[in-house]
Protein chains: 2
Amino acid sequence: MLDFNFVNPTHILFGKGKIAEIKERIPAASRVLITYGRGSVKKNGTLDEVLVALSDHTVFEFGGIEPNPSYETLMQAVDMIQTNSIDFLLAVGGGSVIDGTKFIAAAAVFEGDPWDILEKHGEGVLKALPFGSVLTLPATGSEMNSGGVVTRISLQAKLVFMSPYVFPLFSVLDPEKTYTLPSRQIGNGVVDAFAHVVEQYVTYPVNGKVQDRFAEGLLLTLIEEGPKALANPKDYEVRSNLMWTATMALNGLIGAGVPQDWTTHMIGHELTAMHGLDHAQTLAVILPNLLTVCKQNKREKLLQYAERVWDLKEGESDQRIGTAIDKTRNFFEQMQVKTHLSDYGIGKDSIPRLLEQLQAHGLNSLGEQQDVTPDVSKRILERCL
Amino acid sequence: MLDFNFVNPTHILFGKGKIAEIKERIPAASRVLITYGRGSVKKNGTLDEVLVALSDHTVFEFGGIEPNPSYETLMQAVDMIQTNSIDFLLAVGGGSVIDGTKFIAAAAVFEGDPWDILEKHGEGVLKALPFGSVLTLPATGSEMNSGGVVTRISLQAKLVFMSPYVFPLFSVLDPEKTYTLPSRQIGNGVVDAFAHVVEQYVTYPVNGKVQDRFAEGLLLTLIEEGPKALANPKDYEVRSNLMWTATMALNGLIGAGVPQDWTTHMIGHELTAMHGLDHAQTLAVILPNLLTVCKQNKREKLLQYAERVWDLKEGESDQRIGTAIDKTRNFFEQMQVKTHLSDYGIGKDSIPRLLEQLQAHGLNSLGEQQDVTPDVSKRILERCL
């Protein structure tokens, strides 16, 4: 096991009706900005439930945060905070709304140009407004971690930032709030959580037995519950397991003390920034090909993945690895997320520009061994067609 | 899955040499009381390493905290805090030292009679002195939870208290610091962690898939690593896995959203208070018999335990359950912890008094369904002989 420091101070409120508890978690005198996306929380009643819980608080609303939240939009919220002396934020939505709210929380009290927060990946963040979240989409883990991803549309750049100051103080996870999600978002969420686990698990072995078994437990749960979530949208138990799995997939725990990859996410961010694919679509396309191209480096963990997650115990090693990767791709397709660039109308001619963008963002040595060079990224992308 | 609230703010510093980091975690102006046990940390150099790390701090020492820390001893530390205006505590030791330090931290600033803290199981605790820990014995999980157990010798009472104010701010987990532990403490630690997991896992099913798989991962790791830790005391990887497993076994995570039993611990506390057995010895004696006596209530989870932890997939259900319980008992014996009361010189004549003490402490309806009455406890104890 590698050395590590780990802490996660977010308070999770899990279950039916837990939104009612937020009134005790936000100081009574706060001026609260509720942030949300394009209005689904208005239609399905979640926002009303939040407003009832906060009926004794002073609240403001900021809607319109996009999937892949943009710097341009988020800076409007920062202006609103300053105009209205807002001192607490509450994100109501999925990972994009929560990621965006993290940026708003940091940018509102940042000394200097807020763009620096993203350019320096959160390094200069020394404080942030306090905030909580009400999660409506199990996927990104943002509800219990200290990272976010923000896009600057004008630069076609999608950048990650992390800071210990942007852990949510609390997050409400009510599985019923996911009943009205379209199947596309359920499929995307399962693929996203699956990729998060694989990025922290299929690397090289360091004998982190707890981390490995926790990772395998999360993958097995996604494989069992994902298809049920598509088939039976109002199954509370399925949605509960999915929600807790997605949170545990990226809250720092399974990644503590083990190597981490993140190549799939980094290449995926460029695909989204250039071509507008959903985040999970990029992961479904790239991850199986990353595993194939990097299978020598990842050999031991791929064999463990094949055995413990896909129950592949017989046959030649290479064959087991190949079958495990095929099953991964098939699972993404089963979750109704397409796994080839051609499915999204993207051809070979896009690859040079994608590689340029990776290099422009300094991503020349990706992966757990920093040996995914632009040439390796090119080979991965060529297999994605 | 059941509804739950979960938070764990303790910062874990895991790895070789991490003691050096504590100087940045304790405010420079603090007056620090270092608490420890009967001196092994003096002999093996751990205390010296702590003193070097805190060479710029004002430090005091309080040694002599016993295994099963006593109210009587701990109250001496409370006096010392008040005399010396101490404002930060650092526990250096195993679960007893950390449990004791939690009580000291709460008692030092408690308004009223500190005995109330234990009698009311922590309910009235509204604040505590800040404290950290340097863990030397993987076992109890106290380094990352908010509970403690304290004995009042004069009353033969061993009582649990819990409070969100007594989470350690940080805990150092350096696997090398466990190399000099006697095998009795390693065996005890593995049994303790194993029992912690089973108390939160072998109950009745609520379809908590993540919690179940995490629990199974911890049990499998203990079964694999426990015997190696006895055989090769200086195997860093083995000690790392054991240390992280014991911490994860009782930090609130695997118990969030699932039923919990704790009968074995409650009966065990009476055994320790009356007869002085090591805590883990009591668990090794009681747990297999609790599982046998309560096997109807626990049937589904016992079958899952048999299959996933002990790989028992063939044969009649009752036979698989019986074999799983036998394997549990054999594992404790393999860890060199005896599993019968007679091994400790305790006979049938002790049972009436043990049952009286359970009732005196209000423990008349134990277990995940509150149906472990004194009569059921009697049947369990009779099987323990």
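Along each chain, numbering runs from 1 in the same order as the chain's sequence is written. Chains carry letters from A onward and ligands carry numbers from 1 onward, assigned in written order. Two thresholds apply to this predicted model, a pLDDT of at least 70 for residue-level local features and 80 or more for giving and counting side-chain atom pairs, whereas whole-chain, interface and lining totals are computed over all residues.

S.K.: Go over helix α14 (residues 351-360) of chain B, please, and point to the residues and values.
M.R.: Residues and elements named next belong to chain B. Counting other C-beta atoms within 10 Å of a residue's C-beta gives its exposure: the residue is buried at 20 or more, exposed at 12 or fewer, and partly exposed in between, where C-beta atoms are placed from the backbone. Only DSSP runs of H or I reaching four residues or more are called helices, and only runs of E reaching two or more are called strands; each is numbered from the N terminus. When we look at burial in α14, the residues that qualify are Leu354, Gln357 and Leu358. On an axial view of α14, the arc spanned by its buried residues comes to 105°, and they lie on one face. Those residues of α14 that are exposed and aimed more than 90 degrees away from the buried face are Pro352, Glu356, Gln359 and Ala360. Residues of α14 that are buried make contact with α10 (263-275) and α15 (374-383). Trailing α14 by a residue or two, Gly362 shows a phi angle of about 75°, which is positive. By construction, the arc corresponds to the directions joining the helix axis to the C-beta atoms. Two residues qualify as being in contact provided that their C-beta atoms, derived from the backbone, are within 7 Å of each other.

S.K.: An account of the domain arrangement of chain A is needed here, citing residue identities and associated values.
M.R.: All names here are of chain A. Per the domain assignment, the segments of chain A are domain 1 (11-177) and domain 2 (183-383). Here the C-alpha centre of domain 2 lies 26 Å away from the C-alpha centre of domain 1. Taken residue by residue, the interface counts 17 residues in domain 1 and 23 residues in domain 2. Mapped onto the side of domain 1 that touches domain 2, the elements with two or more residues apiece are β6 (147-152) and β7 (157-162). Of the residues assigned to the side of domain 1 that touches domain 2, the class counts are eight nonpolar, six polar and three charged. Note that domain bounds follow an automatic or database assignment of domains. Think of it as three bins: nonpolar holds Ala, Val, Leu, Ile, Met, Phe, Trp, Tyr, Cys and Pro, charged holds Asp, Glu, Lys and Arg, and polar takes everything else, Gly as well.

S.K.: Lay out the pairing of strand β4 (residues 88-93) of chain B in plain terms, naming residues and giving numbers.
M.R.: All names here are of chain B. Burial analysis of β4 places six of its six residues in the buried class, which makes it a mostly covered element. Neither face of β4 is open: one carries Phe88, Leu90 and Val92, the other Leu89, Ala91 and Gly93, and all of them are buried. Between any two strands, pairing holds if DSSP finds at least two bridges. By the bridge criterion, four bridges tie strand β2 (residues 31-35) to β4 in an arrangement that is parallel. Along β4, the bridge assignment pairs Thr35 with Ala91. Pairing geometry for β4 and strand β5 (residues 131-135), over five bridges, is parallel.

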